[in-house]
Amino acid sequence: MAEASKMQISDEVAIQITGMNKWYGQFHVLRDINMTVQRGERIVICGPSGSGKSTLIRCINRLEEHQQGQIIVDGTELTNDLKNIDKVRSEVGMVFQHFNLFPHLTILENCTLAPIWVRKVPKKEAEETAMHFLRKVKIPEQANKYPGQLSGGQQQRVAIARSLCMKPRIMLFDEPTSALDPEMIKEVLDTMIQLAEEGMTMLCVTHEMGFAQAVANRVIFMDQGQIVEQNEPKEFFSNPKSDRTKLFLSQILGH
Amino acid sequence: MSETHAQTVTYVRDSMLPPAPPPVGERGAVKWLRENLFSSPLNIALTVLGVLIVWWLVSASLPWWLNSVWNASSLGQCREIVAASAGEGATGACWAMVRERWHQFIFGFYPPSEWWRPVLAFGLLFAALAPVLFAGQKRNLTLILGGVLAYLVVTLYLAGAPGVAFALSLLLVAGLLVVAQVAPGRLLWFTLIFPALCFWLLWGGSIWSPIVAMAGFGVLYAVFRFGSPFIGLAPAAGAGVVAAALWWLYIDHAIADRLQAALPFAIEAVRSDLFGGFLLAIVIGVTGIAFSLPIGILLALGRQSDMLIVKTLSVGFIEFIRGVPLITLLFTASLLLQYFLPPGTNFDIILRVIILVTFFAAAYLAEVIRGGLAALPRGQYEAADALGLDYWRAQRLIILPQALKISIPSIVSTFIGLFKDTTLVAFVGLMDPLKGVTQIVRADINWKGIYWEPYIFVGAIFFVICFGMSRYSMYLERKLKTDHR
């Protein structure tokens with residue numbers, strides 16, 4: 001499976017980050033980040049908490065501002081220009097740790113809201129698209145319920161469907177399974193694996209090493225705001241180069 | 001079970017227990033009495049004490065209510081009737097005063113021949129509110145509009161409305177009823193023109209004044225609409241407001257006068273100092289409520305803004321208005337404002353009071369709504385951003401619906417407070433129902449010395465209106481409850 005999906009990676013650059021630095025006040029949270037993501041790549045970012053991995057992917061759709069360096073997403077550079085930011089955001093889907101569904105709207109309305117108001121898709125067409133993706137994440141029967149009536153795993157799958165309804169070219173996942181009960185993790189990971197197999201460009205912050213081994217074509221390990229090591233998953237897990245990586249892997253795979 | 005469990009480590013249940021009913025003392029009325037009234041010696045004592053207090057209150061006031069007199073021409077006559085029927089020394093309420101003077105409590109000194117106008121405006125108020133309060137709910141809309149129709153048939157007849165006005169009003173409401181069946185959303189158009197219609201009905205004069213004044217909003221919209229592609233949303237909105245202000249200050253009157261000269265159509269004008277009683281309270285209260293909510297929302301958003309000037313202005317406005325007693329603002333409205341306006345401007349006193357009451361409520365609402373905004377998790381803002389919604393869409397579609405829902409109880413409290421505060425206009429010489437009208441009634445030699453009755457009457461009407469608002473807010477909360485916590 002991993003071999004097959006490798007074929008879909010193109011030479012086209014989806015995300016280009018060069019010499020990027022970010023501070024929270026005095027605290028230097030991201031240090032000299034350089035990375036290139038090809039279209040179709042599936043990258044897993046891992047690292048101890050506080051290593052800046054969430055901040056990094058949140059910079060990619062400008063939920064966080066960077067202070068130095070350059071981030072180019074889909075050919076658009078992220079600056080203070082609001083038009084560019086909205087353009088990038090409508091092309092980049094994001095799935096959060098705590099789902100962040102809109103509790104006052106039904107599942108269907110959650111999924112159609114952005115297509116209708118941002119993409120100006122007619123309501124009927126937006127609803128058809130939404131139902132298509134809800135079927136894909138296997139919860140079409142919940143379309144008229146409210147988020148509060150669904151389990152955590154179902155809510156996260158709705159969140160994925162909501163992002164997909166914008167037909168994004170890149171998907172960002174910020175610890176999508178960390179807030180879930182163990183028995184619900186699988187249903188969300190299955191959805192993500194399916195997405196990966198269809199060739200979506202994905203950046204995923206996660207501690208699910210099984211997922212990384214199954215679908216990622218690159219694993220990035222971060223510590224103290226820096227990229228410490230990156231490699232193919234097989235090589236990364238069986239033969240980590242840096243001591244920091246070895247320690248981290250022994251801690252999360254130890255038991 | 002515990003015994004078995006304690007003695008052996010392995011334990012397997014071989015039959016499941018069927019559900020059993022709770023013990024007798026733990027269900028039904030017995031349980032309720034025990035838990036709520038007689039749960040401890042202290043509570044038993046308090047229950048007995050409470051019953052005694054209620055008994056004492058009822059037994060002291062009941063005769064006064066039972067000996068009520070409805071037909072008399074003066075307080076002295078009331079007392080004679082009570083003495084004759086219930087014996088010397090008995091007390092009794094004298095509602096005859098209400099029977100004789102109710103119109104002052106309702107209309108103040110509004111000319112009796114024109115009473116049909118406030119009556120009509122009051123009925124149409126509900127027709128205008130219905131599409132806002134029960135958006136798109138055909139059944140409720142039909143019920144309310146049907147009620148308005150019935151109310152107008154009776155009251156307009158009783159108030160002796162001219163035949164043409166009578167027919168036109170009924171036709172209008174019947175038309176709205178039809179619209180409610182076909183396209184309930186369209187009813188909002190009536191809500192939009194209602195303020196101008198209401199203004200014209202109450203104050204009278206040329207019909208062109210309200211129409212030309214409403215055109216000012218058209219100017220605002222046009223400037224905003226055609227300006228925004230070139231100079232951006234916010235500057236276009238600012239330019240629109242400036243254009244509308246210029247329209248109202250310099251162009252409005254001239255055009256209205258010309259139109260009136262060309263196509264004269266007017267009803268008798270009524271001066272502001274004739275307004276009084278609940279007519280006044282409701283005009284000030286409803287206008288204040290309708291305008292303070294949008295202003296309050298903008299102030300709350302302004303206070304959270306990243307733009308320094310917007311933020312400073314919002315904070316300054318909110319803190320200043322909240323830090324000053326309402327009465328001070330009312331005095332400002334009645335006395336000081338005249339000094340700041342160009343000489344010769346006759347700025348209506350009721351309008352001035354409405355503006356300051358609106359600002360006062362808006363400042364409070366801004367803080368209430370800010371609380372609602374702060375209660376939303378950051379994730380909601382982030383999710384809206386991540387989907388590419390711009391600021392105003394995110395606010396309108398995601399943030400405000402939730403923040404306002406959280407704030408409903410406090411918003412309605414503020415509205416109720418505002419409505420009751422309208423009685424404070426007595427201090428600037430307006431005839432509010434509580435102090436203004438009551439004083440006038442008591443100044444009459446026939447009713448000198450009447451004390452409880454006017455306050456109870458006015459209080460009861462206030463209670464009905466405020467209780468109605470409170471119930472509606474509870475209905476709204478239930479309807480909007482989607483989080484299933």
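Residues numbered from 1 in each chain as written. Chains lettered and ligands numbered in written order. Predicted model: local features only at pLDDT ≥ 70, side-chain atom pairs only at ≥ 80, totals over all residues. Heavy atoms only, no water.

Asker: Residues and numbers for the domain arrangement of chain B, please.
Answerer: As far as domains go, chain B holds domain 1 (24–54), domain 2 (103–109 + 272–485), domain 3 (111–186) and domain 4 (205–267). With centres defined by C-alpha atoms, the gap from domain 2 of chain B to domain 4 of chain B works out at 26 Å. (Domains from an automatic or database assignment.)

Asker: If you had to explain the packing of aromatic side chains to someone new, which residues and values would you point to?
Answerer: What describes a pair of aromatic rings is the distance from one ring centre to the other and the angle between the planes of the rings. Applying the stated criterion across every chain, the model contains 29 aromatic pairs over all chains. Put simply, the rings of B:Trp64, B:Trp65, B:Trp70 and B:Trp95 touch in pairs and so form one group of aromatic residues. The aromatic ring of A:Phe102 is capped on one face by A:Arg162, whose charged end is 4.6 Å from the ring centroid. One Lys or Arg, B:Lys435, reaches over the ring of B:Phe427 and ends 5.7 Å from the middle of that ring. (Phe/Tyr/Trp six-rings, centres within 6.5 Å; stacked < 30°, edge-to-face > 60°. Lys NZ or Arg CZ within 6 Å of the ring centre and 35° of its normal.)

Asker: Before we move on, could you go through empty space enclosed by the protein and cite the residues and values that matter?
Answerer: Inspection of the entire model under this criterion finds three cavities of 30 Å³ or more. Roughly 60 Å³ of volume is contained in the largest cavity. In terms of lining residues, the largest cavity is bounded by A:Arg89, A:Ser90, A:Val92, A:Gly93, A:Met94, A:Phe96, A:Arg162, A:Ser163, A:Met166, B:Ala383, B:Ala386 and B:Leu387. Elements that contribute at least two residues to the lining of the largest cavity include exactly helix H3 (82–91), strand E6 (92–95) and helix H6 (152–164) of chain A together with helix H16 (378–386) of chain B. Per-element accounting of the lining of the largest cavity gives the leading share, three residues, to E6(A). (1 Å grid on protein atoms, 1.4 Å probe; cavity = no way out; pocket = protein on both sides within 12 Å on 5 of 7 lines; lining within 4 Å. Points joined across faces, edges and corners; volume = space filled by probe spheres on them. Helix = DSSP H or I, 4+ residues; strand = E, 2+ residues; numbered from the N terminus.)

Asker: Pulling in residues and values, what's your account of helix H10 (residues 243–253) of chain A?
Answerer: Residue and element names in this part refer to chain A. Those residues of H10 that sit buried are Thr245, Phe248 and Leu249. Looking straight down H10, one finds its buried side chains confined to an arc of 95 degrees; they lie on one side. Tucked into the core, H10 has its buried residues touching strand E3 (42–46), strand E9 (218–223), strand E10 (226–231) and helix H9 (233–238). With a side-chain oxygen positioned 3.3 Å from the backbone nitrogen of Arg244, the residue opening H10 is Ser242. (Buried < 20%, exposed > 50% of the residue type's maximum accessible area, 1.4 Å probe, protein only. Arc of directions from axis to C-beta. Contact = heavy atoms within 4.5 Å. Polar contact = N/O pair within 3.5 Å; in protein donor to acceptor, adjacent residues only side chain to side chain.)

Asker: Just give me the short version of the nonpolar core, but keep the residues and values in it.
Answerer: One finds A:Leu203 and B:Val353 to be the most contacted residues of the largest nonpolar core, which totals 149 residues. If you tally residues by element for this core, the top one is helix H15 (residues 349–375) of chain B, at 14 residues. Three or more residues apiece are contributed to this core by two domains, here domain 2 (103–109 + 272–485) and domain 3 (111–186) of chain B. Every residue in contact with B:Val353, bar those within four places of it in the chain, is listed here: B:Ile284, B:Leu330, B:Ala333, B:Val425, B:Val428 and B:Leu430. In this structure, A:Cys111, A:Leu134, A:Leu150 and A:Ala196 belong to the second largest nonpolar core, which totals 45 residues. (Core = buried A, V, L, I, M, F, W, Y, C linked by side-chain atoms within 4.5 Å.)

Asker: Provide a residue-level description of the confidence of the model for chain B, including the pertinent values.
Answerer: Predicted confidence across chain B gives a mean pLDDT of 88, with 96% of residues reaching 70 or more. Across the assembled chains, the prediction reports ipTM 0.90 with pTM 0.86. (pLDDT = per-residue confidence, 0-100.)

Asker: Outline the environment of B:Ile251, supporting the account with residue identities and numerical values.
Answerer: With respect to the secondary-structure elements, B:Ile251 resides in helix H11 (residues 233–262). Along the primary structure B:Ile251 and B:Ala213 are separated by 38 residues, whereas in three dimensions their C-alpha atoms are 9.8 Å apart.

Asker: So what about the pairing of E3(A)? Which residues, and what values?
Answerer: Where a strand is regular, its side chains alternate between the two sheet faces. Residues and elements named next belong to chain A. The buried fraction of E3 is high, at five of five residues. Side chains Arg42, Val44 and Cys46 project from E3 onto one buried face, and the interleaved Ile43 and Ile45 project onto a second face that is buried too. Relative to strand E8 (residues 201–205), E3 is paired through four bridges, and the arrangement is parallel. Counterpart to Val44 in the pairing with E8 is Cys204. (Pairing = 2+ DSSP bridges.)

Asker: Help me get a handle on a nonpolar patch on the surface, residues and values and all.
Answerer: All names here are of chain B. On the surface, Trp32, Leu33, Phe38, Ile44, Val48 and Leu52 cluster together to form a nonpolar patch covering roughly 560 Å² of accessible area. The set of elements that each furnish at least two residues to the nonpolar patch consists of helix H2 (28–36) and helix H3 (41–66). Mapping Ile44 onto the fold places it in helix H3. (Patch = residues over 30% accessible without salt bridge, like charges linked within 9 Å, V, L, I, M, F, W, Y side chains within 5 Å. Areas by Shrake-Rupley, 256 points an atom, 1.4 Å probe, with all protein chains shown as cover. Salt bridge = Lys/Arg side-chain N within 4 Å of Asp/Glu carboxyl O.)

Asker: Break down the packing of helix H6 (residues 116–133) of chain B against helix H8 (residues 163–182) of chain B for me, with residues and values.
Answerer: Residues and elements named next belong to chain B. Between H6 and H8, the shortest axis-to-axis distance is 12 Å and the interhelical angle comes to 5 degrees. With respect to their mutual orientation, H6 and H8 come out roughly parallel. Two secondary-structure elements touch here, H6 through Trp116, Leu120, Leu124 and Ala127 and H8 through Ala165, Ser169, Leu172, Val173 and Leu176. Along the lines of polarity and charge, the residues of the contact of H6 with H8 split into eight nonpolar, one polar and no charged. (Axes fitted to C-alpha atoms, helices over the stretch in contact; angles between N-to-C directions. Parallel < 35°, antiparallel > 145°, perpendicular 65-115°, else oblique. Nonpolar A, V, L, I, M, F, W, Y, C, P; charged D, E, K, R; others polar.)

Asker: An account of the environment of B:Ala266 is needed here, citing residue identities and associated values.
Answerer: Residues and elements named next belong to chain B. Here Ala266 shows up in strand E2 (residues 266–267). Linking Ala266 and Gly205, residues 61 residues apart in sequence, is a C-alpha distance of 5.1 Å. Once residues within four sequence positions are removed from consideration, Ala266 is found in contact with Gly205, Ser206 and Gln260.

Asker: Can you tell me about the sheet that holds E6(A), naming the residues and giving the values?
Answerer: Residues and elements named next belong to chain A. Ordered in space as E6-E7-E8-E3-E9-E10, the six strands form an open sheet in which the pairing is mixed. Where the open sheet ends on each side, the last strands, each with one partner, are E6 and E10. Ignoring strand direction, the axes of neighbouring strands in this sheet form an average angle of 20 degrees. By the bridge criterion, five bridges tie E9 to E10 in an arrangement that is antiparallel. Its bridge partner being in E10, Met222 is matched across the sheet by Ile227. Strands E3, strand E7 (170–174) and E8 of the sheet are contacted by helix H7 (residues 182–197), whose axis makes an angle of about 150 degrees with E8.

Asker: Tell me about the sheet that holds strand E1 (residues 13–24) of chain A, residues and numbers included.
Answerer: All names here are of chain A. Read from one edge of the open sheet, four strands run E2-E1-E4-E5, paired in antiparallel fashion. The sheet terminates laterally at strand E2 (27–38) and strand E5 (76–77), the two strands that pair on one side only. As defined by bridge partners, E1 adjoins E2 across eight bridges and the pair is classed as antiparallel. From the neighbouring strand, Ile15 faces E2, where its bridge partner is Val37. Packing of helix H2 (residues 53–60) onto the sheet brings it into contact with E1, E2 and strand E4 (68–73), and relative to E1 it is tilted by some 120 degrees.

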